Structure formats: structure tokens, C-alpha cells
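Summary of structural features
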Amino acid sequence: MSLAMEPNSDPEHHLMIDHRMPQASEIDPRRGRFPCCIVWTPLPVLSWLVPFIGHMGICREDGVILDFAGPNFVCVDNFTFGAVARYIQMSKEKCSICPQLAAYRSDEAYRQDEPSRDLSTWDDALRKGTQEFQHRSYNLFTCNCHSFVANNLNRLAFQSGGWNVVNLAVLIFLKGQWVNKASMVRSYLPFLVVFSLGVTIGGWTFVTFLAFFTFLLVGWFLLGTYCFRNLILL
């Protein structure tokens with residue numbers, strides 16, 4: 001069953017962590033279950049032009065997907081832009097969820113709002129992250145699905161933290177596993193079609209436009225992440 005977090009709903013009523021649920025341990029793409037994984041799927045239009053750009057989510061221990069899909073809106077068990085195409089399963093042993101090490105914070109308000117003693121499991125951290133992003137405005141360029149995943153990985157202190165939208169994108173691009181061959185085709189075929197049509201119709205003008213567009217998009221996130229650190233929120 002698909003559930004969604006509504007902006008005006010009671011957060012306590014919609015806590016997405018149900019400790020009574022049996023914990024799944026195996027990945028099951030047919031059911032959309034990816035325990036403790038980061039998941040990725042292509043975005044309409046944008047991925048057709050820049051194929052390494054896509055939509056990202058993070059999964060609970062039972063494999064249910066959580067993704068930041070819009071202003072004050074975290075989707076639960078209903079990946080916003082379709083089936084998962086790529087995934088990476090994260091090792092819980094590489095997380096530091098304990099009172100001493102779970103105090104990673106992205107800003108001062110985060111320190112005040114969340115006592116580290118509340119973080120004891122993977123799902124506890126994701127519950128806190130979901131509650132926070134239920135009160136966040138969505139912006140493709142400053143606070144997006146990658147911000148949500150990075151926030152949760154930092155909350156988990158996965159590999160000591162330090163996650164942002166750039167190194168997450170690099171991680172899924174270099175190490176993400178394809179669900180199947182059809183997922184690979186679904187991800188890259190639209191780009192190949194658009195690129196072929198663009199070159200046929202527009203020639204080098206289209207290639208120049210595409211290169212400039214990609215440069216601007218990648219440059220924005222690089223500058224916002226490493227030069228102007230308050231520009232892209234986590």
C-alpha cells in the first residue's frame with residue numbers, strides 16, 4: 001500500500017517507522033523493496049538531456065522507499081518518478097548511530113531540534129529526517145531529493161558523514177547497480193534518441209547548447225556545494 005506524508009497532517013500520526021513490521025533482509029525489485037539502500041531513477045526531460053541526473057531516495061530497513069518529492073512532502077512506498085533503476089545497499093556497520101557519534105548536524109538549528117539520544121537505529125534516523133523535510137520547501141536547485149538523502153546519511157554518520165548532493169550523485173553514477181537491463185535501457189534510451197535527433201536537426205548548435213546546459217547545471221551544484229555552502233541545503 002502506498003502512503004504519502006501530507007503537509008498539514010499530524011507528523012506523529014504518519015511516523016513512517018513501524019517497529020512492528022518484520023525486517024526484510026533481501027532486495028526484491030518486483031515488490032520495490034531495497035533494504036538500507038540508496039535508490040535512483042531517471043527524471044522526465046532532465047535525464048533525457050543529462051542522463052546522470054535523476055531522482056533519488058533512501059530506504060528503510062524493511063526496504064520501503066522514502067523520497068522528498070515536493071514542498072513539505074515525503075513520499076513513502078511510492079517512488080515518485082517510477083520504478084527504481086539503480087541502487088546501492090549501504091552497510092549499517094559503517095554507520096555511527098550512538099550517543100557519542102550520532103551528533104552530526106548540518107546547522108545549529110539541527111543541533112537544537114534533535115538530541116542525539118533519539119538516534120539508535122537506521123530507521124530512527126530516517127524518521128527524524130522525514131519529520132524535518134515535511135517542513136521544508138522543495139527547490140530543484142537548492143533543496144531537492146539529493147538533499148534529503150544526504151541529510152539522512154549525515155544523520156546516520158555513514159562513513160563519518162560529509163555527504164552532499166555532489167558526492168551522492170558521483171556515488172550512484174559510479175557504483176550504483178542496475179536493477180536489470182531494462183532499467184538501463186529506460187535510463188539511457190531517451191537520451192540517445194534526443195541526442196540523435198538534436199544532432200540530426202541542429203548539428204553542432206545542439207551539441208554546443210547541450211554542453212553549455214550541462215556545464216551550467218553541474219557548475220551550479222559544484223559552486224553551491226563547495227564554494228557557497230549555504231546555497232544548497234542539506
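Residues numbered from 1 in each chain as written. Predicted model: local features only at pLDDT ≥ 70, side-chain atom pairs only at ≥ 80, totals over all residues. Heavy atoms only, no water.

Moving on to a nonpolar patch on the surface. A cluster of nonpolar side chains, F52, V170, F173, L174, V218, L222 and Y226, forms an exposed patch at the surface whose accessible area comes to about 610 Å². If you list the elements that add at least two residues to the nonpolar patch, you get α5 (165-175) and α7 (204-226). Mapped onto the fold, V218 is located in helix α7. Relative accessible area serves as the criterion here: at 31%, V218 is assigned to the partly exposed category. (Patch = residues over 30% accessible without salt bridge, like charges linked within 9 Å, V, L, I, M, F, W, Y side chains within 5 Å. Areas by Shrake-Rupley, 256 points an atom, 1.4 Å probe, with all protein chains shown as cover. Salt bridge = Lys/Arg side-chain N within 4 Å of Asp/Glu carboxyl O. Helix = DSSP H or I, 4+ residues; strand = E, 2+ residues; numbered from the N terminus. Buried < 20%, exposed > 50% of the residue type's maximum accessible area, 1.4 Å probe, protein only.)

Right, let's talk about empty space enclosed by the protein for a bit. Enumeration over the complete set of coordinates arrives at 1 cavity of 30 Å³ or more. Approximately 40 Å³ is the volume attributed to the largest cavity. Taken together, W40, P51, F52, R86, I172, F173 and Y188 make up the lining of the largest cavity. Tallied by class, residues from the lining of the largest cavity come to 6 nonpolar, no polar and 1 charged. (1 Å grid on protein atoms, 1.4 Å probe; cavity = no way out; pocket = protein on both sides within 12 Å on 5 of 7 lines; lining within 4 Å. Points joined across faces, edges and corners; volume = space filled by probe spheres on them. Nonpolar A, V, L, I, M, F, W, Y, C, P; charged D, E, K, R; others polar.)

The next point concerns the confidence of the model for the chain. Averaged over all residues, the pLDDT of the chain is 84; the fraction at 70 or higher stands at 79%. For the stretch residues 1-24, pLDDT sits under 50, and the model shows 49 contacts to residues farther than four places along the chain or on other chains. Below a pLDDT of 50 lies the segment residues 98-117, which in the model reaches 26 contacts outside its immediate sequence neighbourhood of four places, other chains included. (pLDDT = per-residue confidence, 0-100. Contact = heavy atoms within 4.5 Å.)

Relative to each other, helix α6 (residues 181-202) and α7 sit at 135 degrees, their axes nearing to 6 Å. Accordingly, the angle class assigned to the pair α6 and α7 is oblique. Along its contact with α6, which presents F191, V194, F195, G198, V199 and G202, the element α7 presents W204, T205, F206, V207 and L210. In the contact of α6 with α7, the residues fall into 8 nonpolar, 3 polar and no charged. (Axes fitted to C-alpha atoms, helices over the stretch in contact; angles between N-to-C directions. Parallel < 35°, antiparallel > 145°, perpendicular 65-115°, else oblique.)

Here F221 is to be found in helix α7. It is 8.6 Å that separates the C-alpha atoms of F221 and T142, two residues lying 79 residues apart in sequence. Excluding its chain neighbours within four sequence positions, the residues that come into contact with F221 are L140, F141, N144, V165, V166 and I232.

Turning our attention to the pattern of salt bridges. Between side chains of opposite charge, a pair can form when the charged atoms approach closely. Using the criterion set out here, one finds 7 salt bridges in the structure. Of the charged contacts in the structure, one is a salt bridge between R33 and D77, with a shortest N-O distance of 2.9 Å. One end of the pair, R33, is in the loop between β1 (3-4) and β2 (37-42); the other, D77, is in the loop between β5 (73-76) and β6 (86-89), and 44 residues separate them in sequence. Looking at R33, the relative accessible area reads 13%, which means it is buried. What you see here is one network of salt bridges that share partners, running through E132, R136 and R155.

Core analysis: the largest hydrophobic core is formed by 30 residues, its most contacted members being I38 and L153. When residues of this core are traced back to their parent elements, those giving at least two are β2, β3 (54-59), β4 (65-70), β5, α3 (122-133), α4 (145-155) and α5. Here this core takes 5 residues from α4, the largest share from any one element. Apart from residues no more than four positions distant in its own chain, I38 is found in contact with M56, G57, R86, Y87, I88, M90, V149, L153, L168, L171 and I172. Counting residues in each nonpolar core, the second largest holds 13 residues, with L43, V50, V166 and F221 among its members. (Core = buried A, V, L, I, M, F, W, Y, C linked by side-chain atoms within 4.5 Å.)

Right, let's get into unusual backbone geometry. Although it is not a glycine, N72 sits at a positive phi angle of roughly 55 degrees. For N72, the position within the fold is in the loop between β4 and β5. Taking the relative accessible area as the measure of exposure, N72 reaches 26% and is therefore partly exposed. Phi at Q159 takes a positive value of approximately 50 degrees, unusual for a residue other than glycine.

Moving residue by residue along a regular strand, the side chains alternate between the two faces of the sheet. Across the 6 residues that make up β4, a large majority, 5, are buried. With 2 bridges connecting them, β3 and β4 associate as antiparallel partners. Each bridged residue has a counterpart across the sheet, and for I58 the counterpart in β4 is L66. If you look at the hairpin formed by β3 and β4, you'll find 5 residues sitting between the two strands, and G63 has a positive phi there, around 95 degrees. With 4 bridges connecting them, β4 and β5 associate as antiparallel partners. Residue pairing for β5: F68 is matched across the bridge by V74. The hairpin formed by β4 and β5 contains 2 residues between the paired strands, and N72 there has a positive phi angle of roughly 55 degrees. (Pairing = 2+ DSSP bridges.)

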